[in-house]
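Spelled out from the first residue to the last, the chains are:
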Amino acid sequence: MSEQILVNVTPFETRVAIMEQGTLQEVHIERTSQRGKVGNVYIGKVVRVLPGMQSAFVDIGLERAAFIHIADLQESRVARNNGLPQQQIEKILFEGQSIMVQVIKDAINNKGARLSNQISIAGRFLVYMPFDNHIGVSQKIEDDTERERLKNILTPLLPPNEKGGYIIRTQAEMASEAEIQRDVEYLCLRWQKIKEAIQTHGAPSLIYQDLDLLERVMRDMVVPETISVEIDSRSASQHLIEWSKVYTPDITHKVNHYTGIRPLFDTANIDDEINAALSRRVDLKSGGYLVIDQTEALTSIDVNTGGFVGWRNFNDTIFKTNLEASIEIARQLRLRNLGGIIIIDFIDMDNPDHQEAVLSELQKALAKDRTRTTLNGFSPLGLVEMTRKRSRDSLTTLLTEPCPTCDSRGYVKTARTVAYTIMREILREAKQFNPKEFRLILSPQVIDLFLDEESNYLAMLDDFIGKPISLEVDNSYTQEMYDIVLL
């Protein structure tokens, strides 16, 4: 299917929308003040070693100390590959030690960035690993002849005096020798700059910064099916064209400066789609709908028929809804960038053939995802379990924050619950203190309740404590907010 990439650039934020057949599939957002750190290389200082967790905290100059596990240490990997006993992290790292590390996962929520000292530098077709010594090929290149062709092209191009290994990326499929050679030269230059920086920088310090979002778009997201990359900033489009001439000259012609009168994202209703992606409910064209709940532990997706009654046979109605839902679920995972454990509750199907068809449709839709996914079959409870690699914040985490009104519960106490809580508190206060009067400062909703349905109870409380109770409205108060003033 044909793709189009739309890029909205402002001084404070860059947003990238990937469209497929006119439908939004992915959104990538990079804010100038919150630019991701994945791929950056640092000289860090070990601040704490935790033998019990086989991990260590490393100061790389960020607000929160980063985290490295024994499995992400090059020394441990070499030992495993050679069949040697598992090494202990306290034998490798010590407090105060300087170490070159790379961020492999950004800080998420309250967790610091995750690190590895297995450095890798990505180009368009290759990934260079200076501390490895083998040549690998992406598993997504399935043709054995093509895999062998790429290895035969790369091997003679390797610099004779430079150690290190390479992974041939999926994008390299059908790439020419000239393109691969250009990538080798680019990666060798990058590594040379890092080695020079090591000699002049102390810990903690940044010695290599990965490409920004615009450059990563050209390196990773432009595929043969991409028709064009439309950018609404003249300076950004010029920069990308110049950058592309050096590193991705074969796709430079796809970059265009958008000069239309309407804002670029408005032409495809991108902002409306983003706002809809922050909602729990996703409506399907048939009348069914999804309910997506994102939690700390996992993401649950519930499929419902809703108002869809288009088929005479109820089983066929369920089957059609689940088929449509499977395609939309794959799109929502990409659009919302949901990661980790994902549980899908399709509408129950008694027909095993229907179950297999829904799984097959879901697997087919997931194949378009650039992020690694693992799909399991139906569990005994009728749930589909899957995982999607979590490498950056979800759209909800990036664009929203916990609700101050409901304290992130997702709901608020009813006005009646708040009113009864206030009356109980007045009883407690009346026993401990002897004020002349109680003044209640309340939200409009609770005031209305006290003046109407709960007026009798408030009058009874007034008589019982023998103190007058006055009401004062504050329109800025949310439903759960109130103050009890003792006069």
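Definitions and limits used
- Residues numbered from 1 in each chain as written.
- Predicted model: local features only at pLDDT ≥ 70, side-chain atom pairs only at ≥ 80, totals over all residues.
- Heavy atoms only, no water.
- UniProt positions renumbered as here; feature names shortened; annotations may be inferred.
- Helix = DSSP H or I, 4+ residues; strand = E, 2+ residues; numbered from the N terminus.
- Expected span 1.5 Å × (residues − 1).
- Buried < 20%, exposed > 50% of the residue type's maximum accessible area, 1.4 Å probe, protein only.
- Arc of directions from axis to C-beta.
- Pairing = 2+ DSSP bridges.
- Axes fitted to C-alpha atoms, helices over the stretch in contact; angles between N-to-C directions.
- Contact = heavy atoms within 4.5 Å.
- Salt bridge = Lys/Arg side-chain N within 4 Å of Asp/Glu carboxyl O.

- Looking at an unreviewed UniProt entry, the protein chain carries the name Ribonuclease G, with the source organism given as Pelistega europaea.
- According to UniProt, the comment filed for the protein chain under the heading Cofactor (unreviewed entry) is "Mg(2+)".
- Quoted verbatim from the Subcellular location (unreviewed entry) field of UniProt, the annotation for the protein chain is "Cytoplasm".

**Some details on helix 10 (residues 415-432)**
Next up, step 1: When the terminal C-alpha atoms of helix 10 are compared, their 26 Å separation across 18 residues agrees well with the 26 Å that a helix rising 1.5 Å per residue should span.
Next up, step 2: For helix 10, the full list of buried residues reads Ala415, Val418, Ala419, Ile422, Met423 and Ile426. Seen along its axis, helix 10 keeps its buried residues to an arc of 135°; they face one direction. Exposed side chains of helix 10 directed beyond 90 degrees from the buried face belong to Lys431 and Gln432.

**Comments concerning the sheet that holds strand 1 (residues 3-9)**
Next up, step 1: Read from one edge to the other, the open sheet built from 5 strands follows the order 3-2-1-14-15, with strand pairing classed as mixed. Strand pairing shows two members of the sheet lacking a second neighbour, strand 3 (23-31) and strand 15 (255-257), which therefore form its edges. On average, each strand axis in the sheet is inclined to that of its neighbour by 20°, with strand direction left out of account.
Next up, step 2: Sheet analysis places strand 1 next to strand 2 (residues 13-20), joined by 7 bridges and oriented antiparallel. Within the sheet, the bridge partner assigned to Val7 lies in strand 2 and is Val16.
Next up, step 3: The sheet strands contacting helix 5 (residues 234-247) are strand 1, strand 14 (226-231) and strand 15, and the helix crosses strand 15 at an angle near 160°.

**Structural notes on the pattern of salt bridges**
Next up, step 1: Counted under the stated rule, the structure contains 20 salt bridges.
Next up, step 2: A salt bridge links Arg149 to Glu146, with the nearest nitrogen and oxygen atoms 2.8 Å apart. One end of the pair is Arg149 and the other is Glu146, both in helix 2 (residues 144-154) and 3 residues apart, which spans about a single turn.
Next up, step 3: Judged by its relative accessible area of 29%, Arg149 is partly exposed.
Next up, step 4: Of the charged contacts in the structure, one is a salt bridge between Lys245 and Glu242, with a shortest N-O distance of 3.6 Å.

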